[in-house]
Amino acid sequence: MSFKIDGANGFISKLRNEGARSALFDVTCTLRGENVAGEDGDGSNLLRYMCKGATIPSSTVGVVTVNYFGRPVKFPGDRTYEELTLTIVNDEGYAVRNRIENWMNKINDMDENTREAAFVGKQNYTSDLFLRPFTKEGGIAGSTSWIFKNCFPTSLDAIDVAWESNDTIMEFTTTWAFDYWLHGDATGGTGSTPNPHTA
C-alpha cells in the first residue's frame, strides 16, 4: 500500500471538495413563544443568524443481552437520543432568548405554575428543528438536513455579566428535548434550498 498525497489514488483526490467545514451550517425552527411587546427583531427568524453552535446528532441503538449457558448473546434494542444543545449569540434586543424564555413560560408559568391553554397538546408546544450543513459553494452538503422532531426547550442557561468582559459579545446555551431525529429533506420546511451567502 502506498501513502500518496496526489494522484488518482492519493489522499487529496479522496477528500471530496477538500472536506466538509464545521462552520458552514444553519439552524432553523419556528419558536413557539411570542416576541416581547415592542421588540424590533423576530426571534424566530433571527435564530438562523444567531445560532453559532449545534451538534450533528449521535446515533445509538441499544443492546439487549440474553445469557445462554453463560455465553452472552446480543440483540438490537431500542434507539436512544441525547438532548440537543444550541449555542446562541445574544443580540442587544435579546430577541431569540426572550422568545425561548416566553415559550418555556407558556409550557409552565413561573408565577402560576400552570400551562397556557393554547399549549395543551403536544402539537401545540413543539416544533421541528432543522440543522443544515452547507458546502463551500452554498448548497446543502450531502443534499439533506437533520430534522429533530417535536422539539421543545428544557433549559436556558445563565449568561455571565462582568465588568471585565468588555471585548466579547454575549452568548448562551439552550437545551432541547425531542422525540427522534431524521436525516432527510434539505428544505427545512421552506420549500427551497437557501444559499447562506446570499439569503
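Summarised in this report is the structure supplied together with it. Being a predicted model, the structure only gives us computed values, none of them experimental. (Residues numbered from 1 in each chain as written. Predicted model: local features only at pLDDT ≥ 70, side-chain atom pairs only at ≥ 80, totals over all residues. Heavy atoms only, no water.)

**Some thoughts on unusual backbone geometry**
Where we set the bar: Secondary structure elements follow DSSP: runs of H or I of four or more residues count as helices, runs of E of two or more count as strands, with numbering from the N terminus. Residue burial is assigned from relative accessible area. The probe radius is 1.4 Å, only protein chains are included, and a residue is buried under 20% of its type maximum, exposed over 50%, and partly exposed in between.
Phi angles above zero are rare outside glycine, and E18 is one such case at about 65°. Locating E18 in the fold gives a position in the loop between α1 (11-14) and β1 (25-29). Under the relative-accessibility criterion, E18 is labelled exposed at 58%.

**Here's the deal with the packing of helix α2 (residues 43-50) against helix α3 (residues 95-107)**
This is how the line gets drawn: Axis definition: a line fitted to C-alpha atoms, limited for helices to the stretch in contact. Angles are taken between N-to-C directions and run from 0 to 180 degrees. Oblique is the label for every angle not falling under 35 degrees (roughly parallel), over 145 degrees (roughly antiparallel), or within 65 to 115 degrees (roughly perpendicular). By definition, any crossing whose near helix is turned counterclockwise from its far helix by less than a right angle is left-handed, and any crossing with a clockwise turn is right-handed. The contact definition used throughout considers only heavy atoms, calling two residues in contact when any of these lie within 4.5 Å. Nonpolar residues are Ala, Val, Leu, Ile, Met, Phe, Trp, Tyr, Cys and Pro. Charged residues are Asp, Glu, Lys and Arg, and all others, Gly as well, are polar.
It is the contact of α2 with α3, at a shortest axis distance of 8 Å, that shows an interaxial angle of 125°. By the angle between their axes, α2 is oblique relative to α3. Seen along the crossing, α2 lies across α3 with a hand that is left-handed. Residues G43, S44, L46, L47 and M50 of α2 pack against A95, V96 and R99 of α3. When its residues are assigned to classes, the contact of α2 with α3 shows 5 nonpolar, 2 polar and 1 charged.

**Notes on the packing of aromatic side chains**
Selection criterion: Pairing of aromatic rings covers Phe, Tyr and the six-membered ring of Trp, with a centre-to-centre limit of 6.5 Å; geometry is then stacked below 30 degrees between planes, edge-to-face above 60, and tilted otherwise. We count a charge as sitting over a ring when the NZ of a lysine or the CZ of an arginine lies within 6 Å of the ring centre and within 35 degrees of the ring normal.
What the rule picks out here adds up to 5 aromatic pairs. Considering the side-chain rings of Y125 and F152, the 5.7 Å spacing of their centres and the 80° angle between planes classify their relative orientation as edge-to-face. One end of the pair, Y125, is in helix α4 (residues 122-125); the other, F152, is in strand β7 (residues 145-156), and 27 residues separate them in sequence. Y125 sits in the buried class, given a relative accessible area of 13%. Residue class for F152 comes out partly exposed when judged on its relative accessible area of 21%. What links up through ring pairs into an aromatic cluster is the set Y81, F148 and F178. If you follow R97 out to its NZ or CZ, it ends over the ring of F172, 5.0 Å from the centre. For the cation-ring pair, R115 lies above Y125, with the distance from its terminal atom to the ring centre recorded as 4.8 Å.

**Quick notes on the layout of surface pockets**
Which entries qualify depends on this criterion: Residues are called lining when one of their atoms sits within 4 Å of a cavity or pocket point, these points coming from a 1 Å grid over the protein atoms alone, where a cavity is a set in which a 1.4 Å probe fits but cannot get out and a pocket is an open set with protein on both sides within 12 Å along at least five of seven lines. Grid points are joined across faces, edges and corners, and a volume is the space filled by probe spheres set on the points.
In this model, the largest pocket occupies a volume close to 560 Å³. A20, P133, F134, T135 and A141 are, among the 23 residues lining the largest pocket, the residues nearest its centre. Here the element with the most residues in the lining of the largest pocket is strand β6 (residues 127-133); it accounts for 3 residues. Partitioned by chemical class, the residues of the lining of the largest pocket number 10 nonpolar, 8 polar and 5 charged. If you trace the second largest pocket, you find 11 residues lining it, with T28, C29, T30, S44 and N45 closest to the centre.

**Side note on a nonpolar patch on the surface**
Where we set the bar: Each patch groups residues whose relative accessible area exceeds 30% and which form no salt bridge, using 9 Å between like charges and 5 Å between nonpolar side chains of Val, Leu, Ile, Met, Phe, Trp and Tyr. The Shrake-Rupley method, run with a 1.4 Å probe, gives the accessible areas here. Residue values count only the displayed protein chains as cover. Basic side-chain nitrogens of Lys or Arg form a salt bridge, by our definition, when they fall within 4 Å of a carboxyl oxygen of Asp or Glu.
Residues V64, V66, Y68, F69, V73 and F75 make up a contiguous nonpolar surface patch of about 640 Å² in total accessible area. Listing elements by their share of the nonpolar patch, those giving two or more residues are β3 (60-68) and β4 (71-80). The leading source of residues in the nonpolar patch is β3, at 3 residues. Inspection of the secondary structure assignment puts F75 in strand β4.

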